[in-house]
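Letter by letter, the chains look like this.
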Amino acid sequence: MSTENERPLYFVILRPPGSCVQIKIFPSTNYTMRGGRRRRRRRRSGGRRRTGRSPLLSPRRDMASHIVGYPRMGPKRELKFALESFWDGKSSAEDLQKVAADLRSAIWKQMAAAGTKYIPSNTFAYYDQVLDTTAMLGAVPPRYGWKGGEIGFDVYFSMGRGNASAPAMEMTKWFDTNYHYIVPELGPDVKFSYASHKAVNEYKEAKALGVNTVPVLVGPVSYLLLSKPAKGVDKNFSLLSLLGKILPIYKEVISELKAAGASWIQFDEPTLVMDLDPHKLQAFTEAYAQLESSLSGLNVLIETYFADIPAEAYKVLTSLKGVTGFGFDLVRGTKTLDLIKGAFPKGKYLFAGVVDGRNIWANDLAASLSTLNALEGIVGKDKLVVSTSCSLLHTAVDLVNETKLDKEIKSWLAFAAQKVVEVNMLAKALAGQKDEAFFSTNAAAQASRRSSPRVTNQAVQKAAAALKGSDHRRATNVSARLDAQQKKLNLPILPTTTIGSFPQTVELRRVRREYKAKKISEDEYVKAIKEEINKVVKLQEELDIDVLVHGEPERNDMVEYFGEQLSGFAFTVNGWVQSYGSRCVKPPIIYGDVSRPKPMTVFWSSMAQSMTARPMKGMLTGPVTILNWSFVRNDQPRFETCYQIALAIKDEVEDLEKAGINVIQIDEAALREGLPLRKSEQSFYLGMGRSLLQDHQLWRQGHYSDPYPHVLLPLQ
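Residues numbered from 1 in each chain as written. Predicted model: local features only at pLDDT ≥ 70, side-chain atom pairs only at ≥ 80, totals over all residues. Heavy atoms only, no water.

### Thoughts on the overall build of the protein
The number of helices and strands found in the protein is 23 helices and 24 strands. Among the 716 residues that make up the protein, the fraction classed as buried is 55%. In the protein, 74% of the contacts between residues at least 6 apart in sequence involve partners at least 24 apart. For the protein, the exposed area adds up to about 32500 Å²; of that, 51% sits on carbon and sulfur atoms. (Helix = DSSP H or I, 4+ residues; strand = E, 2+ residues; numbered from the N terminus. Buried < 20%, exposed > 50% of the residue type's maximum accessible area, 1.4 Å probe, protein only. Contact = heavy atoms within 4.5 Å. Areas by Shrake-Rupley, 256 points an atom, 1.4 Å probe, with all protein chains shown as cover.)

What follows is the structure, given as C-alpha cells:
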C-alpha cells in the first residue's frame, strides 16, 4: 500500500486495438510484469534491491522513436470550430488559445505515454507552418500595415485569409500532398526581424508539462525556395540571395531554444528531394556552415520527406556541418535505402521513416522490422531512430472515433494516433522488448487484407489487364468529331455553359441530411431535389445558356458522391485531414478493386434533360481526381487503381449516352496534384493522364497545364 502522501505515477502500455494496460506505480514500490501478472515488491530500507526485471519495463537498451509532426485540428476538428468561432466574433482570442493549448498538451502527453523519445513541438499552427515561419522572420507584406513588434492574430490571420482592405497571400500545394501552404512574398527590400517567439514559447509550454520536446523549424533554405518574389519585384530575383538576411533571426531562435533547455532541434528541409541545381544545393552547405557555431551544444536533425533524395543532394546533406542526424522518407523514398547502404556518415543518427505518414494503412510491422534490422547493421544500434515517413498531418487523427466503420476494414487501418503506437512498437522491438501479441495481431490483419475476397474482384482485374495500347488512342481525328458534334447539337460558334455545380442552400443540405438519416422518405427526397433542378434549368434558360447543367443538388462532394456508389470504397465519420486553414476534407478509402454496381448519375441527368430541349451535360468526376483525393490502397500500383476507376467511369459514360445525354463533362480538378516531385518520374504520370483522357473516345477541352480541365464526350 502507498503511504498517505505518496503520489502515484501512471504509465499506459499501449497494446493491440481494444486493449490497454495501466500500471499504477508508487515511488517506493517496484513492479515487474511476468506472464501477464503484476507483482509488487516494497523496497525496504537497507535491503538488497533485486536487479532481475521484466523486458516490458526494463529495455535492454534505450528505445529510440521519433514523430516528424502530428495533426493539429484535433480528433473531432476542435481547432477548426474554435478558429471559425473566433473569426466570426463569437469567441475571444483567449478562448481560441485555450483550445489550442489543450490540443497541444493532449498530443504531447499521448506521445510521451506511448514511449516516444523525440517528441516534436512547434508543429502546431493556427493556420500554416510556413506562415508561422513568415511571422517568425517578420516578413509581413506592407499591405497589412504591420508596424513591428510581436505578430498577433490580427496580422497573422490577415496574411492567411485577407481582410477588408487587403487580400490574402497566395496559397499553393505543399509538394504533392493535398495540404496547402501560404507562399511567402519576398524581395530585396524586406526588413526581416524576429517577430514571433512561438517556437520557443511552445517548447517552454511542453517543458512545463514535463515533456521535453524537439522544436521543429522550417529550414532556412527550403523556406526561401518555397517563396516567391513579391509584387513589383523582378521575377528573376534570386530568393536565395536573402539567406544572409534570415540566418541572423534563425540564430536568435536557436539561442533562445538553447537557453530554454532544448537538446535537439529539427530543421525540415523537404526541398532536398526536388531536382535542385548545384547553386541551390550549395545554399544548404552555406546555410548550415553559418549556423554551425550557433548550433554548438545542440543535436541537430535535418528532416526530408515525400520522395527519394537524389544522390547529389544526399551527398550534400550528409556532409553538412554541425548536423547530428538525418531523417528520410523510406516509404515513398525506397531508393534512398541504397544510398544509405552505400555510404552513411559514421557516428551520425539515422531517423528511419518506415511508418507511412501519408496514408491510413496499418504498417506491416514484420517487414518494417526487417528493414530496420538491416539498417541497424549499417548505422549502429545506438544511432538508429524509428520514425514516420513525414508529418502525420496528412493522415486522419484517431481510428478510435470510427465506431461505424466495418470491423474487418478497420483492422487494416492506422490513423495518426495508431501510427504513434506503431513507431514505438517497432522501436521497442529493436530494443529487445518486442510485444509478440501486438505483432501477432498486426500480422493477422495483414494476412486478412491479403486474402479478403472483398479486396479482389477477378472481373475487374481481368478487364484492366485486357486494356491494350489501342484502347488509349482515338479512332477518329479531331475534325471528324467536331463535324459530328455540330450536326448533332447545332451550337453557335462560341457556345456558353457553366462548370457544373450551383450553390447549395441550407435547406438543400437539410434535405440531404434528413434523407440520409431516414427522417424523410425517398419520394420526399426526390421531389425536393427535382424542384431544385427545375429552378436551375429555368434560370439557365432565362440567361440563354446553350449547354445546361442540372446543378448537382443531390451531391455532397465531387469525389465522395461517386465513391459511395462504387465498390472498393469505404468512408469514415471523423477521418478529417487539414487542407488549409480551418478547411478539412474527409478522403474516401479505396481498399479494394473498383467497379460500378449500377448507374450513378443517369437518373438525375435524365430527369434534368426531360425539363429542357437544350443539351444537358452529364457531370462526372474523373478517375485521376478520385484517385488523388482519396486514401489509395498500397497493395498495388496507383496506376492500376486509376485504370479500374476509369473503367467504372467508362460504364457510366456509356449509360449516359444510351439515356440520351449528348454532352458529358468529366472533371479532373486534381489532374496535376499527383504529379511526382522529380521530373524523371513525371512522364509516366502524365502519360497515364493523357491515356485516360483520350480513352473511351473522350474529347478534352483545355490544355494539360490547365488545373481544371473538363473532358467532354464527342457525339456519336
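### Details of unusual backbone geometry
Positioned with a positive phi, Phe306 is a non-glycine residue whose angle comes to about 90°. Looking at where Phe306 falls in the secondary structure, it is placed in the loop between strand E13 (299-303) and helix H9 (311-317). One non-glycine residue, Asp544, adopts positive backbone phi at about 60°. When you line up the elements, Asp544 lands in the loop between helix H18 (522-542) and helix H19 (560-563).

### Regarding the pattern of salt bridges
All chains considered together, the criterion is met by 28 salt bridges. Two residues, Glu202 and Lys198, come together in a salt bridge whose shortest N-O distance is 3.1 Å. Residue Glu202 and its partner Lys198 are both found in helix H5 (residues 198-208); the two are separated by four residues, about one turn of the helix. The partner of Arg678 in a salt bridge is Asp275, and the shortest N-O contact between them spans 3.2 Å. Taken together, the residues Arg678 in the loop between strand E22 (663-667) and helix H23 (682-694) and Asp275 in the loop between strand E12 (264-268) and helix H8 (278-295) connect sequence positions 403 residues apart. Because the salt bridges share partners, they merge into one network encompassing Arg104, Asp132, Lys198, Glu202 and Glu205. (Salt bridge = Lys/Arg side-chain N within 4 Å of Asp/Glu carboxyl O.)

### Details of the nonpolar core
Soluble globular proteins tend to bury their nonpolar side chains together. Grouped together as the largest cluster of nonpolar side chains are 105 residues, with contacts concentrated most on Tyr223, Phe267 and Phe328. Element by element, the count of residues in this core is highest for helix H13 (residues 416-430), at ten residues. In this view, Phe328 contacts Glu303, Thr304, Ile309, Tyr314, Leu317, Thr336, Ile340, Phe344, Leu350, Phe351, Ala352 and Gly353; residues no more than four positions away in its chain are not counted. Membership of the second largest hydrophobic core comes to 42 residues, among which are Tyr525, Met600, Trp604 and Ala648. (Core = buried A, V, L, I, M, F, W, Y, C linked by side-chain atoms within 4.5 Å.)

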